[in-house]
Amino acid sequence: MSEHPSRVRPRRARRPFPVALPPALTTAATLAHGAAPGMAAPAAATTLTAAATTLTVAKDGTGQYTTVQAAVNAVPANNPSRVLISVRPGTYRETVKVPSNKPHVTVQGAGGSRKNTVIVFNNAAGTPKPDGSGTYGTSGSATFTVQADDFQARNLTIANDFDERAHQSLAGHQAVALRTAADKVLLDGVVVEGDQDTLLLDTDDKDRLGRAKVTHSYVVGNVDFILGRATALIDRSVITLKKRWDGSSSGYVTAPSTAAGRNGFLIANSTVNGDVSDRTFHLGRPWHAGGDASLDPQTTVRDTRLGAAVRTAPWTDMSGFSWKDDRFAAYRNTGPGAGAASSDRPHLTDARATAHAVNTWLGDWVPTAS
């Protein structure tokens, strides 16, 4: 298949194969500001109820810190209990990293809605580093990086506003808004917005378990914009498709890179739609990162409303690997983008669907706000 020019991966031989929401928002701008007319937005983020150490961030200097990263830096190494970083309304143009030795951190917007607190930057994979040591690469382009276990975020927007139109000569347009490379990550009531590679749900290496739950949230993008090797549940959320920099409609929702024997991505009880042309977006394709044939990418979409933008053959190949050799399936979806089972659109049976249940997908971890 033809590969998008800003995502070229080594081509390898194919390996042998051993409650629906209302129609989605129509533009990314509308999405970030709430529901479209006639649509109920996902529920607001859960309010923290457990006692926690609180650090406040405010751009105007009325808090303890003026940047989110400064508050993260103030969290003690190997902190044993929850630390809440409360971020007052404003646009924070910065990159943020929560390192692996700072677990149990919650970053929460303090405004009345998730649009009030915005953390945004504009690095891309091909952006040169200021120190001249090369470019950031895909994972390094992230506006917000989480490497610590038991991280939570709610009631805010994390975005990457890299301008593809203005940087057509730049090699590498992948521009991550949020990268998670940790276990037990809960994203509740957030907006994660970008174009290509928006939400990278990852692990430090393929042998490490990394679990994430995204709930009551919005994810916006166009090319492989939910990707990575984590075990992830996206539940009761809105996945909004947006046009490319040149106004064209084409793209891929997921690009899982799952290790064999592990759960990949489960999208459930959600909506997939956007202000794009009909039948122009695939639900997913298999990312065998580095040409690793041992991987077994997985995406399941179930109990979800699919808009007319979804192609009649919703899965496709990637970098020489056939989606049919990996794990891609649908179950009990609705809407104009859903369709009958076929060789191009495999459906789970009722019996097989029990292994793709929301309450068991993340194993023994039961995410709760804290």
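Note: the structure precedes this text.
Please read these numbers as outputs of a predicted model, since none were measured by experiment.

Here is what the cut-offs are and how they apply
- Residues numbered from 1 in each chain as written.
- Predicted model: local features only at pLDDT ≥ 70, side-chain atom pairs only at ≥ 80, totals over all residues.
- Heavy atoms only, no water.
- Core = buried A, V, L, I, M, F, W, Y, C linked by side-chain atoms within 4.5 Å.
- Buried < 20%, exposed > 50% of the residue type's maximum accessible area, 1.4 Å probe, protein only.
- Contact = heavy atoms within 4.5 Å.
- Helix = DSSP H or I, 4+ residues; strand = E, 2+ residues; numbered from the N terminus.
- Phe/Tyr/Trp six-rings, centres within 6.5 Å; stacked < 30°, edge-to-face > 60°.
- Pairing = 2+ DSSP bridges.
- Axes fitted to C-alpha atoms, helices over the stretch in contact; angles between N-to-C directions.

Caption draft 1: Seen up close, the nonpolar core. In this structure, I85, F144, F151, L187 and I226 are the most contacted members of the largest nonpolar core, which totals 55 residues. Setting aside anything within four residues of it in sequence, one finds L187 in contact with F151, A153, L178, L199, K213, V214, T215 and S217.

Caption draft 2: Just the side chain of D202, in detail. With respect to the helices and strands, D202 occurs in strand β13 (residues 199–202). With residues near it in sequence (within four places) discarded, D202 still touches R179, T180, A181, A182, G228, R229 and A230.

Caption draft 3: A look at the packing of aromatic side chains. In the structure shown here, the tally under the stated rule is two aromatic pairs. For the pair F144 and F151, a centre-to-centre distance of 5.8 Å together with 55° between the ring planes defines the contact as tilted. Looking at F144, the relative accessible area reads 1%, which means it is buried. With 5.2 Å between their ring centres and 45° between their planes, W315 and F328 make a pair best called tilted. Of this pair, W315 sits in the loop between β24 (305–306) and β25 (327–331) while F328 sits in strand β25; the two residues are 13 residues apart in sequence, bridging distant segments of the chain. We classify F328 as buried; its relative accessible area is 5%.

Caption draft 4: Quick peek at unusual backbone geometry. Residues other than glycine seldom take positive phi values, yet D197 does so here, at roughly 65°. Among the structural elements, D197 can be located in the loop between β12 (191–193) and β13. By relative accessible area, D197 is classed as buried at 0%.

Caption draft 5: Region of the structure containing the sheet that holds strand β2 (residues 83–87). The strand order β1-β2-β5-β8-β11-β14-β17-β20-β23-β25 describes an open sheet built from 10 strands, whose pairing is parallel. The open sheet has two edge strands, β1 (53–57) and β25, and neither has a second partner. Between one strand axis and the next, the sheet turns by 10° as a mean value, whatever way the strands run. In this structure, strand β5 (residues 105–109) lies alongside strand β8 (residues 152–154), joined through three bridges in parallel fashion. Its bridge partner lying in β8, Q108 is registered against R154.

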